[in-house]
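Residue-level structural notes
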Amino acid sequence: MKKPENSLLPKWPEKLFTWICHHDQAEEIIGDLQERYHLRAQRMSPGKARNYYFKDVLAYIPSAVLKRKSSSKPTFTLYPDMINNYFKVAFRNLLRHKAFSFINIFGLAVAMSVCMLIILMLADQRSYDQFHVNKDSIYRILSKPKEASQPYATTPFPLVSTLKKEYANIDEATQLFSGVGGDAVYKQQVVEMRGFFTDPAFFTIFSYELAQGNSQNALAEPNSMVITGEVARRLFNNENPIGKTVQFTDRGLHYLQKSGKDSPPVSWGNFTITGIIADKNYKSHLAFDVLVSSASLQALYRDNKIINLTDKWEDHHQTWTYVLLDPTKTQSDLNASLQQVVRQKYTSLKEFDGFQLIGQKFSDINTDLLSNEITYRLPLMIYYFLSVLAIVIMVSACLNYTNLSVARALTRAKEIGVRKVNGAKRKDLIFQFLSESIMTALLSLLMAIILLTLIKPAFKGLWINQFLHFELESTLVVYLLFFGLALLIGIIAGVYPALHLSGFQPVYVLKNLDRMRPGKLGMRKVLSVFQFVISLFFITSSILIYKQFQHFLEFDYKFNTNNIINIELQGNDYQKVSAQLRSIPGVSAISATDIIPATGTSNGIGLRKPGTEAEFTNMWILHTDEKFIDNLQIKLLAGKHLPASGESADRFILVNESAVKELGYTHPSQIIGQTLEVNWNKEVVEVIGVVENFRYKLLLNTNEIGPLVLHNQPENFKYVNVQVAGNGLNGTISKIEDTWKNIDPIHPLKYEFFDEQLAATHQGILDVVSVIGFIAFLAITIACLGMLGMATYTAERKMKEVGIRKVLGAGNMGIMLLLSRGFLTILFISVLIGAPLSYMANNVWLQNFPNRVDFGLDILLLGSALLFTLGIVTIGSQTIRVSRTNPVDSLRMD
Amino acid sequence: MRRSDLGEFEEVVLLTVAVLTPNAYSVMIAEELESATGNTVSTGAVHAALQRLEDKGMVNSYMGEATKERGGRRKRLFTVTPAGSRILHDVRSVRESLWGRILPQALPKIDMAR
């Protein structure tokens, strides 16, 4: 038999068919071609055989293009049996390696719960103001003076009437005018209520329903009031409130701040209840107990009870304006109209050059935080910030999963090999490993939901939540989002291991496992370092912020707060209150003031030398009685105390050291006896004393102690400061409470301990500490879990090596060092990178912080020590276990 | 079954598969047809016919042994399915009943030994 020469045939047909055909078909066709060629070559000349060969190739092309489907058993990925098998194997794997499963599931769950919390917060935020039918065409108008960095939520009072009268774009407009806050009295029943003046258009624009009353005209008549269902029940019990008359006494309560700051009561006369807001749990940025008809304002203007702003375009601080835009018009049409208003009304006002009125989308109200905001809201920036933190944690947890799965590839290698030999395609394996990671993620989801129920109350308990009112209700949508999150995390965490593991060649993994190496540790070390750097950053940051908090708590305000109780006057006469309280045995001193220093409120005044045309020097002013500085132990540097209140007391002031400098004197004694002119009433006052600088402004706001004036004007007093002698504080307070009932039977006693009041001004920082500290805790937990996983894995792998070393005489210490050296390096590098990073990043905000602490080496050392301790404990748990094993156990089987 | 009709070439290939079973694959079928008809039959044409027959459900196929002549590649072996068998029997009975009804003088005499 003549030997056929395959080499005579060109290679291209083979390549062609391999390229265009399915694997099996190519094999078949090329085989056919060669066999036929061989057969022909035996009958005819090689040349002829070759010609036939080419004809055959051409004849094959049409059928090759048809592409026969694979005829081997279909390994259809979504085969029910296979899916069943995947889950079975996944589940067995989870159970078999309990430690690793726990690390993976717990780590992911921890991170997931934080993400879920943020989802809940966002969902909560989005649920506001959804009940308004017109929500897409409502706009709020903002004002922006040229020099302001962000707009004010408030607008000039006359804006609404101008817009309604002169602009056709605007279907309807309403305004809320602040200033309603006081007590309504009906048949001896007193209820405190806060709210706004508004007009009938309020109910056209907003979709509040009235349980009783007609929304068309409820706010049309003067002296009519619409109240909420809750207020109605408290005030009227079971009586029908509609048409009833209540007496209203205004105390100037602030619409937002729930605690005090009230002014002497002013009776506004009788009001008729014309509507009750339905009890529908309206979630809105508007919060009010009462709406008073704007028509009532006329009478109040007349009696000088409220300043008339009807034509005041200059004041844009007290009115919120909402418009309902013609549905065919856009925001830019609205802004164009507003520009026209500004051109018309503000060209004559020099100081309003560059003033702007801007339309704000209704949906943006709950995420923008502006000045004079009608409510407290978390600005969108905070959400971004929190989301970034959550993502960092999430990435860290996903890295753990990836790391451990890849590291433990060996335990799966045989399975992968067998699956491949049995015909599994790479995509089948990818699907399998992804389904495993998704399953882990879903288990984490269950755990995360449990964790979330634990975190939620803690979050709601944060100080700041009393302003933000997060309810964090879970709805179906939220649960669907959670589920989606779990799927996404499953895929993200699993994609790298899936791609990596599915790429194993069966020949290698089945034949000699020794050639399988889990890969260089390089990448994993980098990831681990990344996790620890993040952890160190959060740890040091939270320590730093906590130190800052402590620093504020221990701050020397230069006045005494010990045993001092601040009692709100609530409109009662100061003389009467102090006379009554002084008679209580435990009370050692009483003084009065209008503002509690260093709690965030301040009043200004301008002073200049009388008879000159010089600029007024801006200063802060505190209205106190003559005993104030003694009671608070503020040092008097020169001159004498304020005189007791009386005719002449108005003429004298005290100033602080800063004011002395500000007014151009070098020494306190020089200013004594000098007279100054007050900017607003041109009165002349005389400086009779100088006090040491003490903190008047909030520590958080400013470092400087500005110039301050103390003035005895009893009509401004809002608080009495009661000094309680020695111990027996509680007994004295209950006595004060009894006495208070005689002074004011209507309003319950409102008091606060001065030191606690000051501490409360920093509660916000403590919230930040809690949040950052919690994140730090999560970050370090996840990093340590990851390290624990790696240490466990290394320990398992090195069991034999350790056995052999021990047999050869290695000591426990040596072995522990051997096993932990790599991890210690990781920790060390993390500190080397993390410490300077944290130092730089934290100093960015710290440098702009008033009254700051130093970010010293001690914080970095403490943070690093914490990191090392946790890290070493983590590694130690494994290395000690391995170094103690009896070599007999690990080597017996060989 | 997409189409129940059977082309002439397909019918011959199907018959050949039946003849050559269990060793029916494109090269053998092509060789067989070539020697039976004396015309050149390309493997590709046979392959295409087999593929159509398989689509119609008249043959089954499976991958067979690899041989040296094929450069170590496997071949695809074909067998006739019950559907294939039925259509072959149908065609045959149609033809035989037609042959049986031809009158002796109807066909001009030819010399079969040519």
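Residues numbered from 1 in each chain as written. Chains lettered and ligands numbered in written order. Predicted model: local features only at pLDDT ≥ 70, side-chain atom pairs only at ≥ 80, totals over all residues. Heavy atoms only, no water.

What to know about the overall build of chain A
- Within chain A, the regular secondary structure consists of 28 helices and 21 strands.
- Evaluated residue by residue, chain A yields a buried proportion of 51% over its 894 residues.
- Contacts spanning at least 24 positions in sequence make up 81% of the contacts within chain A whose residues lie at least 6 apart.
- Looking at chain A as shown, the accessible area adds up to about 42300 Å², and 58% of this sits on carbon and sulfur atoms. (Helix = DSSP H or I, 4+ residues; strand = E, 2+ residues; numbered from the N terminus. Buried < 20%, exposed > 50% of the residue type's maximum accessible area, 1.4 Å probe, protein only. Contact = heavy atoms within 4.5 Å. Areas by Shrake-Rupley, 256 points an atom, 1.4 Å probe, with all protein chains shown as cover.)

Notes on the interface of chain B and chain A
- At the junction of the two partners, chain B supplies 26 residues and chain A supplies 25 residues.
- Where chain B abuts chain A, roughly 2300 Å² becomes buried across the two surfaces, and 43% of that area is made up of carbon and sulfur atoms.
- The largest per-residue losses of area from chain B upon contact with chain A belong to B:His47, B:Arg73 and B:Arg76, which jointly make up 26% of the total buried on that side.
- The tally of links between chain B and chain A comes to nine salt bridges. (Buried area = accessible area lost by both parts, 1.4 Å probe. Salt bridge = Lys/Arg side-chain N within 4 Å of Asp/Glu carboxyl O.)

Considering the UniProt feature "transmembrane region" (unreviewed entry) in chain A
All names here are of chain A.
- In the numbering used here, UniProt assigns the "transmembrane region" (unreviewed entry) feature to residues 102-123, 381-402, 429-455, 475-496, 526-546, 771-793, 814-835 and 855-875.
- In this annotation, residues 429-455 is assigned 100% helix and 0% strand; the end-to-end C-alpha distance for the span is 37 Å.
- Here residues 475-496 is 95% helix and 0% strand, with 33 Å between the C-alpha atoms at its ends. (UniProt positions renumbered as here; feature names shortened; annotations may be inferred.)

Considerations on unusual backbone geometry
- The peptide bond linking B:Thr21 to B:Pro22 adopts the cis configuration, its omega dihedral lying at 10°.
- Assignment of secondary structure puts B:Pro22 in the loop between α1 (8-20) and α2 (26-37).
- Although it is not a glycine, A:Asp129 adopts a positive phi angle of roughly 55°.
- In this fold, A:Asp129 is placed in the loop between α5 (98-126) and β1 (138-144).
- You can call A:Asp129 buried: its relative accessible area is 3%.
- Backbone geometry at A:Lys558 places phi at a positive 70°, although glycine is not the residue there.

Considering the pattern of salt bridges
- Applying the stated rule across the entire model yields 36 salt bridges over all chains.
- A salt bridge links A:Arg36 to A:Asp56; its shortest N-O distance comes to 3.9 Å. Residue A:Arg36 is located in helix α2 (residues 23-43), and its partner A:Asp56 is located in helix α3 (residues 46-66); the two are separated by 20 residues in the primary sequence.
- Under the relative-accessibility criterion, A:Arg36 is labelled buried at 0%.
- A salt bridge links B:Glu96 to B:Arg92; the nearest nitrogen and oxygen atoms lie 3.1 Å apart.

A word on empty space enclosed by the protein
All names here are of chain A.
- Overall, the coordinates contain three cavities of 30 Å³ or more when judged by the stated rule.
- Estimates place the volume of the largest cavity at around 270 Å³.
- The greatest single-element share of the lining of the largest cavity, amounting to five residues, is contributed by helix α13 (residues 426-460).
- Counted by class, the lining of the largest cavity contains eight nonpolar, eight polar and three charged residues.
- The volume enclosed by the second largest cavity comes to roughly 40 Å³.
- Lining the second largest cavity we find Arg 695, Tyr 696, Lys 697, Leu 698, Thr 702, Glu 704, Ile 705 and Gly 706.
- Partitioned by chemical class, the residues of the lining of the second largest cavity number three nonpolar, two polar and three charged. (1 Å grid on protein atoms, 1.4 Å probe; cavity = no way out; pocket = protein on both sides within 12 Å on 5 of 7 lines; lining within 4 Å. Points joined across faces, edges and corners; volume = space filled by probe spheres on them. Nonpolar A, V, L, I, M, F, W, Y, C, P; charged D, E, K, R; others polar.)

Comments concerning the sheet that holds strand β12 (residues 587-593) of chain A
Residue and element names in this part refer to chain A.
- Overall, antiparallel pairing links the four strands, which are arranged β12-β20-β11-β21 in an open sheet. Both edges of this open sheet fall to β12 and β21 (751-753), since each of them pairs with a single strand only. Ignoring which end each strand starts from, the neighbouring axes of this sheet average 25° apart.
- Relative to β21, strand β11 (residues 564-568) is paired through three bridges, and the arrangement is antiparallel. The residue of β21 that forms the bridge with Ile 567 is Tyr 751.
- Docked against the sheet, helix α18 (residues 574-582) engages β11, β12 and β20 (719-724), running at close to 170° with respect to β12. (Pairing = 2+ DSSP bridges. Axes fitted to C-alpha atoms, helices over the stretch in contact; angles between N-to-C directions.)

Some words on the packing of aromatic side chains
Residues and elements named next belong to chain A.
- Throughout the structure, instances matching the rule amount to 40 aromatic pairs over all chains.
- Arranged with centres 4.9 Å apart and planes meeting at 80°, the rings of Tyr 208 and Tyr 282 form a pair that is edge-to-face. Residue Tyr 208 is located in the loop between α7 (201-205) and β4 (210-212), and its partner Tyr 282 is located in the loop between β7 (266-277) and β8 (290-293); the two are separated by 74 residues in the primary sequence. This pair shows no difference in class: Tyr 208 is buried, exactly as Tyr 282 is.
- Members of the aromatic cluster, connected to one another through ring pairs, are Phe 131, Phe 202, Phe 203, Phe 206, Tyr 208, Tyr 282, Phe 288, Tyr 322 and Phe 362. (Phe/Tyr/Trp six-rings, centres within 6.5 Å; stacked < 30°, edge-to-face > 60°.)

A closer look at α2(B)
Residues and elements named next belong to chain B.
- In a regular helix each residue adds 1.5 Å, so twelve residues correspond to 16 Å; α2 covers 16 Å between its end C-alpha atoms and thus fits that length.
- For α2, the full list of buried residues reads Ser 26, Val 27, Ile 29, Ala 30, Glu 31, Leu 33 and Glu 34.
- At the exit of α2 stands Gly 38, carrying a positive phi of roughly 80°. (Expected span 1.5 Å × (residues − 1).)

Details of the pairing of strand β9 (residues 319-325) of chain A
All names here are of chain A.
- Of all seven residues in β9, seven are buried, a share of seventy percent or more.
- Side chains Thr 319, Thr 321, Val 323 and Leu 325 project from β9 onto one buried face, and the interleaved Trp 320, Tyr 322 and Leu 324 project onto a second face that is buried too.
- The pairing of β1 with β9 spans four bridges and is antiparallel. From the neighbouring strand, Ile 141 faces β9, where its bridge partner is Thr 321.

Things to note about the environment of A:Leu472
- Its place among the elements puts A:Leu472 in the loop between α14 (465-468) and α15 (476-502).
- With sequence-adjacent residues up to four places away left out, A:Leu472 is seen in contact with A:Leu117, A:Leu120, A:Met121, A:Asp124, A:Lys456, A:Phe459 and A:Lys460.

Brief notes about the nonpolar core
Residues and elements named next belong to chain A.
- Among the nonpolar cores identified, the biggest contains 111 residues, and Met 112 and Phe 532 are the most heavily contacted of them.
- Counting residues per element, this core draws most heavily on helix α24 (residues 763-797), which supplies 16 residues.
- A domain-level breakdown of this core finds at least three residues from each of domain 3 (380-514 + 523-551 + 760-892) and domain 4 (571-749).
- With 29 residues, the next largest nonpolar core counts Ala 153, Phe 196, Leu 256 and Ala 278 among its residues. (Core = buried A, V, L, I, M, F, W, Y, C linked by side-chain atoms within 4.5 Å. Domains from an automatic or database assignment.)

Describing the side chain of B:His47
- Structurally, B:His47 can be placed in helix α3 (residues 43-55).
- A residue is classified by how much of its surface remains accessible, and B:His47, at 0% relative accessible area, is buried.
- Looking at B:His47, its side chain comes within polar contact range of the side chain of A:Glu28, at 3.1 Å. (Polar contact = N/O pair within 3.5 Å; in protein donor to acceptor, adjacent residues only side chain to side chain.)

Observations regarding the packing of helix α11 (residues 380-407) of chain A against α15(A)
All names here are of chain A.
- Contact geometry for α11 and α15: axes closest at 9 Å, N-to-C directions at 25°. Regarding the angle of α11 to α15, the classification is roughly parallel. Seen from above, α11 lies across α15 with right-handed handedness. Here α11 contributes Met 394, Cys 398, Tyr 401, Thr 402, Ser 405 and Val 406 to the contact with α15, which in turn contributes Ile 489, Ile 492, Ala 493, Gly 494, Tyr 496, Pro 497, His 500 and Leu 501.
- Here the contact of α11 with α15 is composed, by residue class, of ten nonpolar, four polar and no charged. (Parallel < 35°, antiparallel > 145°, perpendicular 65-115°, else oblique. Left-handed = near helix turned anticlockwise from the far one by under 90°.)

Regarding a nonpolar patch on the surface
All names here are of chain A.
- A grouping of Ile 491, Val 495, Tyr 496 and Leu 499 is seen on the molecular surface, where their side chains present a nonpolar patch of about 340 Å² in accessible area.
- By secondary structure assignment, the location of Ile 491 is in helix α15.
- Residue Ile 491 is classed as partly exposed on the basis of its relative accessible area of 39%. (Patch = residues over 30% accessible without salt bridge, like charges linked within 9 Å, V, L, I, M, F, W, Y side chains within 5 Å.)

Thoughts on the environment of A:Phe197
Residue and element names in this part refer to chain A.
- Inspection of the secondary structure puts Phe 197 in strand β3 (residues 189-198).
- Overall, the relative accessible area of 1% leaves Phe 197 in the buried class.
- With 22 residues separating them in the primary sequence, Phe 197 and Gln 175 have C-alpha atoms 7.9 Å apart.
- If we ignore the near neighbours within four places in the chain, the residues touching Phe 197 are Gln 175, Leu 176, Phe 177, Ser 178, Val 180, Trp 268, Val 292, Ser 293, Ser 294, Leu 297, Leu 300 and Ile 306.

Focus: α5(A)
- Helix length check: α5(A) (29 residues) gives 40 Å between terminal C-alpha atoms against 42 Å at 1.5 Å per residue, within 8%.
- The element α5(A) is largely enclosed, with a buried count of 22 among its 29 residues.

Some thoughts on the confidence of the model for chain B
All names here are of chain B.
- The share of residues in chain B with pLDDT of 70 or more is 94%, and the mean pLDDT across the chain is 85.
- The spread of mean pLDDT over the elements of chain B runs between strand β1 (residues 59-67), the lowest at 85, and α1, the highest at 91.
- Here the predicted complex carries an ipTM of 0.83, next to a pTM of 0.69. (pLDDT = per-residue confidence, 0-100.)

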